[in-house]
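Chain residues, written in single-letter form:
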Amino acid sequence: MQMGGSTSNPSDQKLYWDQAEIFMKKVLSIDSATIGLEHPDFVIHLNNLAELSRNQNNPDKAEKYYLKTIALTEKLYGKDNLNTVSTLNNLALLYLGKMNLEKAEEYARKATEIDSKLFGEDRMTIPRVWSTLAYIEQQKGNYEKAQQWHQKILKKEFEIVEKNFSFLSEEEKAQFIEDFTWLRNNYFHFLIESKYPNPKSAELAYAISVFEKGLLLRSTQEMKRQVANSGNKDLIAKYDHWL
């Protein structure tokens, strides 16, 4: 969860987060008195509190709230449900921050297994879950396994473009590009940090470069098509002048 209204001043930021925590706890208190604990809205608000605690660097509080969120979500929807996947992954990231790699891997694998069971490996968000496992292997010093995860992640991104990119809305395309940029940066960070000497790394870095140029070309062609089909003479003239 992205907390809005934050500031660069640490004391102001702490005050903001403290006020947000008071507000969220009041909401949970009202929820528990009106709709009860086993209600989707209560679970959402509890997960928000867990995210806030993680942002506040209160890992023990966040862990408690995440675990309770997972337990209630499973009670509402069963163990294999989409709502649990992101919470499991966030809990894995929390344990990563505490350098509890065993727990981090346990929950990241749970998230991956549920996601794959529900949707196979075609869901656009699954590479983000895999990236947690890649980072865990990187922290363990298992660079070969980390490289394998990164290869799998970026290969899946390439496949998504080939199969689905033309059918995505503009909003979905923008989200995909944002996600891909984040995953690409993770991979380059891995290469810099690990100094992993493997020809496959150079091959993948080159493939990423070609892929990004292809995305740019697709976007340019789509813009040209939309301008040409608009029937707006001023817009077409401006586009031709821009070229």
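Fair warning: this is a prediction, and the values are worked out from it, not measured in the lab.

Student: Would you mind going over the pattern of salt bridges with me for this structure?
Tutor: Should the charged atoms of two oppositely charged side chains come close, the side chains can pair. With the rule as written, the count across this model stands at 15 salt bridges. Close ionic contact of Glu105 with Lys140 constitutes a salt bridge, the shortest N to O distance being 3.0 Å. With a gap of 35 residues between them, Glu105 in helix 5 (residues 101–119) and Lys140 in helix 6 (residues 126–140) connect regions that are remote in the sequence. Taking the relative accessible area as the measure of exposure, Lys140 reaches 36% and is therefore partly exposed.

Student: What is the right way to look at the packing of helix 4 (residues 82–97) against helix 6 in this model?
Tutor: Packed helices, taken two at a time, are described by the angle between their axes plus the distance between the axes. With their axes 10 Å apart at the nearest point, helix 4 and helix 6 run at an angle of 20 degrees to one another. One element, helix 4, and the other, helix 6, form an angle in the roughly parallel class. Crossing hand, helix 4 versus helix 6: left-handed. Where helix 4 abuts helix 6, its residues Val85, Asn89, Ala92, Leu93 and Leu96 lie against Arg128, Val129, Thr132, Tyr135, Ile136 and Gln139. Across the contact of helix 4 with helix 6, the residue classes break down as 7 nonpolar, 3 polar and 1 charged.

Student: What should I look at first to understand the environment of Gln148 in this one?
Tutor: Note on placement: Gln148 falls in helix 7 (residues 143–164). Separated by 14 residues in the primary sequence, Gln148 and Ala134 have C-alpha atoms spaced 8.0 Å apart.

Student: Looking at this structure, I do not really get the packing of aromatic side chains. What am I missing?
Tutor: Working definition: an aromatic ring pair is given by the centre-to-centre distance plus the angle between the planes. Overall, the coordinates contain 5 aromatic pairs when judged by the stated rule. Both rings, one in Tyr95 and one in Tyr107, keep their centres 5.7 Å apart while their planes meet at 25 degrees; by these two values the pair is stacked. In this pair, Tyr95 sits in helix 4 while Tyr107 sits in helix 5, placing the two residues 12 residues apart along the sequence. A relative accessible area of 9% means that Tyr107 is categorised as buried. Centroid distance Tyr143 to Phe190: 6.2 Å. Interplanar angle 55 degrees. Geometry classified as tilted.

Student: I'm lost on helix 1 (residues 10–34) in this one. Help?
Tutor: Side chains three or four residues apart in an α-helix point the same way, a direct result of the helix having 3.6 residues per turn. Given a rise of 1.5 Å per residue, 25 residues ought to cover 36 Å, and the 36 Å separating the end C-alpha atoms of helix 1 matches this to within 8%. Along helix 1, the residues that are buried comprise Trp17, Ala20, Glu21, Met24, Leu28 and Asp31. Buried residues along helix 1 sit in contact with helix 2 (40–55) and helix 3 (59–77). Positive backbone phi, at 90 degrees, marks Gly36, one or two positions downstream of helix 1.

Student: Looking at this structure, how should I read unusual backbone geometry?
Tutor: Most peptide bonds take the trans form, and the phi angle of most residues other than glycine is negative. Positive phi outside glycine occurs at Asn57, with the angle close to 65 degrees. Within the secondary structure, Asn57 is located in the loop between helix 2 and helix 3. According to the relative accessible area criterion, Asn57 is exposed, its value standing at 63%. The phi dihedral of Met99 falls on the positive side, at around 60 degrees, and the residue is not glycine. Positionally, Met99 belongs in the loop between helix 4 and helix 5.

About the cut-offs
Residues numbered from 1 in each chain as written. Predicted model: local features only at pLDDT ≥ 70, side-chain atom pairs only at ≥ 80, totals over all residues. Heavy atoms only, no water. Salt bridge = Lys/Arg side-chain N within 4 Å of Asp/Glu carboxyl O. Helix = DSSP H or I, 4+ residues; strand = E, 2+ residues; numbered from the N terminus. Buried < 20%, exposed > 50% of the residue type's maximum accessible area, 1.4 Å probe, protein only. Axes fitted to C-alpha atoms, helices over the stretch in contact; angles between N-to-C directions. Parallel < 35°, antiparallel > 145°, perpendicular 65-115°, else oblique. Left-handed = near helix turned anticlockwise from the far one by under 90°. Contact = heavy atoms within 4.5 Å. Nonpolar A, V, L, I, M, F, W, Y, C, P; charged D, E, K, R; others polar. Phe/Tyr/Trp six-rings, centres within 6.5 Å; stacked < 30°, edge-to-face > 60°. Expected span 1.5 Å × (residues − 1).

Purely geometric numbers; function is a separate question.
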